[in-house]
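Residues per chain are reported as follows:
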Amino acid sequence: MKTTKTLATLLVMLKGATIVAQDPAQVVAGWLGSQREVLELSAGDVAAWSITNMSTDRKGVTYVYIRQEVNGLPVFSAVANFALREGGVVHFGDRLQRGLAGRAPSAIPALSAEEAMHRACLELGLSPDAVRVLEVVSDTEMILTPSGVSHDPIPARLIYQPTVDGGLRLAWDLTIRSTSTINWWHLGVDAITGSILRNTDHIVQCAHPHGGFERPWSAWEQLQRTPVAMQSMPRDGSGYRVFPFPTESPSHGPHVVVSDPADASASPYGWHDIDGASGAEYTMTRGNNVYAYEDIADLDQPGYSPDGGASLSFDFPFTPPQAPLDYLDASITNLFYSCNVLHDVLHRYGFDEASGNFQWNNFGHGGAGEDEVIAEAQDGSGMNNANFGTPSDGSSGRMQMYLWRTSSDSTLFVNSPTPIAGVYTNAVAGFGPPLPGVPITADVVLAVDALDPVNNACEGIINGAQIAGRIALVDRGGCTFIAKVQALQNSGALAVIVVNNVPGAPIAMGGTGGGDIVIPSVMISQADGLLIKQALLGGSVNATLAGTALEDFRDSGFDNGIIAHEYGHGVSNRLTGGGFDVDCLWNDEQMGEGWSDYIGMVLTMLPGDEATTIRGVGTFVRDQATDGPGIRPAPYTTEFAVNDYTYGDTNDPSLSQPHGVGFVWATMLWDMTWALIDVEGFDGDLYTGNAGNNVAIQLMMDGLKLQPCNPGFVDGRDAILLADSLNNGGSHSCLLWNVFAQRGLGYSADQGSSFDRFDQIEAFDLPPACLNVGIADVPLLRDLQLMPNPATSEVLLSLSNASADAGTVRLISADGRIVRTWPMPAGITRTTLDLGGLAPALYVVELNVAGAVLKERLVVQ
């Protein structure tokens, strides 16, 4: 462990390190050699490594990613990233291993690659055909046959795998894109014992709950909005009827035709050309950046794609209410359009060919080609979901977009007994069949199993005879949703009602491997479940479950926010660690879901939006109003009365991983964006604009390149601060510190281990350089604390430093109402707030002095 003094010394050396040699490999080698002792690396640790990725941005910063080697083999996740400018190292992200030579066992495997493959399949529950070597690449690397378990040939190579106990094991590295599950396994299999040492999944799943919907089209038609500004577009005559960015979804704006939307900088030959010569190679929804088609049958291979003909006219209607098949052409067209826009816009911010983006033809600009995004519309492998698989540069990213079941397509009516009769709010599962149009009416029976707790159906069910032919009631928890429903189906249940085990609304149950489930299932709230259970104690309960038509489904191919979210996983995975190392976002504190949420939101901002505007992710597919809460613990807004989450909340196990953890990070990025907009304005031109929102996107993108492999929040914060230093001379430094500090990611915040999501320590302080600079260059307010007096109804408000200006203290209720106001005189650090007569509730105390704002939560009991 390096001492504080050593770290400080290293930072000083970094600032002044300039190496004459201009070759990046020489710069890195020279720097590592000169800093080896400071970094506590042995000569062997820095002697053998290879560059896995390198790119240079428009500002002259070169990003170099290296991986260590020992005994001629790569060491998994033993990586470092460098930023070089003018021949010198300006940043070093350290994930290098120490003492490799003394830890590495023999490089001779006891198991062949084929044997390792068989062992891996055994542990994964797969049944391979005969495994054979398809191609020998080298003595330590080969390609195996798909063997009936993978969609693709299986690459296998010998590596060294670090283990959690500090060991180093010889392993076979295998990649299996499963044919039987929604998984893209990347495994490290012990080359001596055959045990699985590492198992990550290149598919990022994004299943969520859902809820109510409004469709304010008429208001949008009156606004007559146009797509985001396009600059210097290639003209191939193409046209697409879509929901054009910044329109987020059908509930946010009209379905209109856009013409020639390709960006000349990112797609110089248009979207349908792949050879770099005049003329499109494809007239369907296929081209250099995206191949979009339907996969209704879940074949994971190209299905139907709409054809625009020689004129490239993709003008297909979407006139709900319609069944999904009736608007399939429109859905695939919107998916193709949106993925292309994301490619073009993000190319402008540095997700280019050399950085590992998704293109078939890279036009000689570096990186590996033949990896356009494969986008599958109305995918048949599930519902209420979307996902993205990110392999290394040179292999296509794969996006799967699903249909979503809505609250209106499921009805639960309790018929008797009379005291509890009525309609119950429920959420239909994302697996198994939807509720049928012909109602299921039967008695409800509470499942009982052999072990305590006895009502979760996770052990042997002992009342199967009573469940057969009836609707089963079961508690959430103890095992997967699919395991519960499968067990109750095996007992003869007609349908399943799952009772939530936490307060609040029911969620849409998800999971993989539910292909054998043929009965429907829904979830109800904990409170409603208690009512039914109490009624069962006194007699029988009879209920009816019924569904409505397919017209009530929602197609995520129309939700540009979700499409951008999924595409964002490809961006963050390829930029963190470089395009050829996509295994850097699998640690517990990684913020992948946060970057994806943010990309979806920042690219759908509207000129009339304000910092306090409610932004919910996935409101369209959840059937919510456009200002609904979406699929996150709270909407995104700078208003603490609505979203008061801070860094410390990531320690709360009730906040999910990775979605909840990422939500907190995206909350901080959203605050950052609005702070920059407050200073530098908003520009609807996402391609060449230079306002605050454009600055924020660039900081986010460069931060991805600068942060180390397996980052935590502090790593992400520091990378954004460094990006501002490199891009803007640090002109936004104190603004950024204020934003992060307000959400608990202040100067002394500690992320602990980025592999542990429960060891974070939040802090609200600022670095010394910012102690007298606020967001609006006002005397800074710092470290607000509230100290209740248990003997009175008063609370002492305390600051670490006084302000030269007078201000105002406001008490704000959870619904945003200003409940009370007090003056804050200039030059003082303490004042007393009288809370007498307030109703018990959660409030926010907001201190505002000349534009600088501090907020703190307060619970009145």
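Quick caveat: nothing in here was measured; it's all calculated off a predicted structure.

This next bit is on the overall build of the chain. Scanning the chain for helices and strands turns up 15 helices and 35 strands. For the chain, the C-alpha radius of gyration of 28 Å lies close to 29 Å, the compact-globule estimate for 861 residues. Dimensions along the principal axes, computed over C-alpha positions, put the chain at roughly 85 × 80 × 60 Å. Taken over 861 residues, the chain has a buried fraction of 57%. By sequence separation, contacts in the chain at least 24 residues apart represent 63% of the contacts at least 6 residues apart. Here the chain displays about 31,600 Å² of accessible surface, and carbon together with sulfur accounts for 53% of that area. In the chain, 45 positive and 95 negative side-chain charges are present, and the distance between their average locations comes to 5 Å.

Along the chain, the position of Arg-743 falls in the loop between helix H15 (733–742) and strand S29 (785–788). Residue classification places Arg-743 among the buried residues on the basis of a relative accessible area of 0%. Here Asp-671 takes part through its side chain, which lies 2.6 Å from a polar atom of the side chain of Arg-743. Ignoring any residue separated from it by four or fewer positions in sequence, one finds Arg-743 in contact with Thr-637, Thr-638, Phe-640, Asn-643, Asp-644, Tyr-645, Thr-646, Tyr-647, Thr-667, Met-668, Asp-671 and Phe-764.

Applying the stated criterion to the full structure yields 21 salt bridges. For the salt bridge of Arg-198 with Asp-173, the shortest nitrogen-to-oxygen distance reads 2.6 Å. Highlighted residues: Arg-198 in strand S10 (residues 196–201) and Asp-173 in strand S8 (residues 168–177), separated in sequence by 25 residues. Each member of the pair, Arg-198 together with Asp-173, is buried. The residue Asp-263 makes a salt bridge to Arg-348 at a minimum N-O spacing of 2.8 Å. Of the two residues, Asp-263 sits in the loop between strand S13 (256–259) and strand S14 (290–294) while Arg-348 sits in helix H6 (residues 328–348), which places them 85 residues apart along the sequence. Each member of the pair Asp-263 and Arg-348 is classed as buried. Each member of the salt-bridge network shares a partner with another, and the members are Asp-57, Lys-59 and Asp-702.

A covalent bond between the sulfur atoms of two cysteines is what we call a disulfide. What the rule picks out here adds up to three disulfides. One disulfide in the model links Cys-584 with Cys-709; its S-S distance is 2.1 Å. As the torsion about the S-S bond is roughly -100 degrees, the Cys-584-Cys-709 disulfide counts as left-handed. Here Cys-584, found in the loop between helix H10 (560–575) and helix H11 (592–602), pairs with Cys-709, found in the loop between helix H13 (692–706) and helix H14 (713–728); they are 125 residues apart in sequence, far enough to count as distant.

Our focus in this paragraph is the packing of aromatic side chains. In total, this model carries 30 aromatic pairs according to the counting rule given. Ring centres of Phe-82 and Phe-92 lie 5.1 Å apart, and the angle between their planes is 40 degrees; this geometry places the pair in the tilted category. Separated by ten residues along the polypeptide, Phe-82 in strand S3 (residues 73–85) and Phe-92 in strand S4 (residues 88–95) bring together distant segments of the chain. Judged by centre distance (5.9 Å) and plane angle (75 degrees), the ring pair of Phe-358 and Tyr-567 falls under edge-to-face. In this pair, Phe-358 is assigned in the loop between H6 and strand S16 (373–377) and Tyr-567 in helix H10, connecting sequence segments 209 residues apart. In this structure Phe-358 comes out as buried when scored by relative accessible area, which is 0%. Just above the ring of Phe-76 sits the side chain of Arg-198; from NZ or CZ to the centre is 3.6 Å. In this structure, Arg-286 is placed above the aromatic ring of Tyr-291, and the distance from its NZ or CZ to the ring centre is 4.3 Å.

We now examine the side chain of Gln-97. Position of Gln-97 among the secondary structure elements: in the loop between S4 and helix H3 (100–103). On the basis of relative accessibility, which here comes to 17%, the residue Gln-97 falls in the buried class. Of note is the side chain of Gln-97, whose polar atom sits 2.9 Å from the side chain of Arg-103. Residue contacts for Gln-97: discarding those within four places in its chain leaves Leu-41, Asp-45, Gln-68, Val-75, Ala-78, Arg-103 and Pro-162.

Core analysis: the biggest nonpolar cluster contains 112 residues, and Tyr-567 and Trp-665 have the highest contact counts within it. The element best represented in this core is helix H12 (residues 659–680), accounting for 13 residues. Each residue touching Tyr-567, except ones within four places of it in the same chain, is listed here: Cys-339, Leu-342, His-343, Leu-346, Phe-351, Phe-358, Val-373, Phe-388 and Met-399. By size, the runner-up hydrophobic cluster in this structure holds 29 residues, among which are Val-75, Met-117, Cys-121 and Trp-172.

Time to look at the sheet that holds strand S33 (residues 830–834). In spatial order, the strands read S29-S30-S33; together these three strands make up an open sheet with antiparallel pairing. Pairing within the sheet leaves two strands with one partner each, and these edge strands are S29 and S33. This sheet shows a mean twist of 25 degrees between the axes of neighbouring strands, independent of strand direction. One ladder, built from five bridges, connects strand S30 (residues 794–798) with S33; its direction is antiparallel.

A few words now on the packing of H12 against H13. Where H12 contacts H13, the two axes come as close as 7 Å, and the packing angle between them is 140 degrees. Considering the angle they form, H12 stands oblique to H13. H12 and H13 meet at a crossing whose hand is right-handed. Contacts from Leu-669, Met-672, Thr-673, Leu-676, Ile-677 and Glu-680 in H12 reach Gly-692, Asn-693, Val-695, Ala-696, Leu-699 and Met-700 in H13. Across the contact of H12 with H13, the residue classes tally to eight nonpolar, three polar and one charged.

Further remarks concern unusual backbone geometry. The step from Pro-320 to Pro-321 runs through a cis peptide bond, and the omega angle for that step is 5 degrees. By secondary structure assignment, the location of Pro-321 is in the loop between strand S15 (313–314) and H6. Cis geometry is adopted by the peptide bond preceding Pro-453, which originates at Asp-452 and carries an omega value of -5 degrees. Relative to the elements of secondary structure, Pro-453 occurs in the loop between strand S23 (440–446) and helix H7 (464–467). Phi is positive for Asn-71, which is not a glycine, with a value near 55 degrees. Non-glycine residue Asp-623 carries a positive phi angle of around 60 degrees. Of note, Asp-623 is situated in the loop between H11 and H12.

Viewed as axis vectors pointing N to C, H11 and H12 meet at an angle of 45 degrees, and their least axial separation amounts to 7 Å. Put simply, H11 runs oblique to H12. Classified by chirality, the crossing of H12 by H11 is right-handed. In this structure, H11 uses Glu-593, Gly-594, Trp-595, Asp-597, Tyr-598, Met-601 and Val-602 to contact H12, whose residues at the interface are His-659, Gly-662, Trp-665, Ala-666, Leu-669, Trp-670, Met-672 and Thr-673. For the contact of H11 with H12, the residue count by class is nine nonpolar, four polar and two charged.

Keep in mind that low pLDDT regions are not for reading the predicted coordinates in detail. Looking at the chain, pLDDT values average 88 and 91% of them are 70 or higher. Contacts for the low-pLDDT stretch residues 1–21, under 50 throughout, to residues beyond four places or in other chains number 33 contacts. Note on residues 774–781: pLDDT is under 50 here. Beyond four places in sequence and across chains, it has 27 contacts.

Judged by pairing direction, the sheet is mixed, and its five strands sit side by side in the order S11-S17-S18-S16-S14 without closing on themselves. At either margin of the open sheet sits one strand with a lone partner, and together these are strand S11 (203–205) and S14. Adjacent strand axes in the sheet meet at a mean angle of 15 degrees when their direction is disregarded. The pairing of S14 with S16 spans five bridges and is parallel.

Let's shift gears to the environment of Val-242. Its place among the elements puts Val-242 in strand S12 (residues 239–242). Judged by its relative accessible area of 0%, Val-242 falls in the buried class. Discounting chain neighbours no more than four positions away, the residues touching Val-242 are Pro-254, His-255, Val-256, Val-258, Thr-333, Asn-334 and Tyr-337.

About the cut-offs
- Residues numbered from 1 in each chain as written.
- Predicted model: local features only at pLDDT ≥ 70, side-chain atom pairs only at ≥ 80, totals over all residues.
- Heavy atoms only, no water.
- Helix = DSSP H or I, 4+ residues; strand = E, 2+ residues; numbered from the N terminus.
- Rg over C-alpha atoms; globule rule 2.2 N^0.38 Å.
- Buried < 20%, exposed > 50% of the residue type's maximum accessible area, 1.4 Å probe, protein only.
- Contact = heavy atoms within 4.5 Å.
- Areas by Shrake-Rupley, 256 points an atom, 1.4 Å probe, with all protein chains shown as cover.
- Lys, Arg positive; Asp, Glu negative; His and termini not counted.
- Charge placed at Lys NZ, Arg CZ, Asp CG, Glu CD.
- Polar contact = N/O pair within 3.5 Å; in protein donor to acceptor, adjacent residues only side chain to side chain.
- Salt bridge = Lys/Arg side-chain N within 4 Å of Asp/Glu carboxyl O.
- Disulfide = S-S within 2.5 Å.
- Phe/Tyr/Trp six-rings, centres within 6.5 Å; stacked < 30°, edge-to-face > 60°.
- Lys NZ or Arg CZ within 6 Å of the ring centre and 35° of its normal.
- Core = buried A, V, L, I, M, F, W, Y, C linked by side-chain atoms within 4.5 Å.
- Pairing = 2+ DSSP bridges.
- Axes fitted to C-alpha atoms, helices over the stretch in contact; angles between N-to-C directions.
- Parallel < 35°, antiparallel > 145°, perpendicular 65-115°, else oblique.
- Left-handed = near helix turned anticlockwise from the far one by under 90°.
- Nonpolar A, V, L, I, M, F, W, Y, C, P; charged D, E, K, R; others polar.
- pLDDT = per-residue confidence, 0-100.

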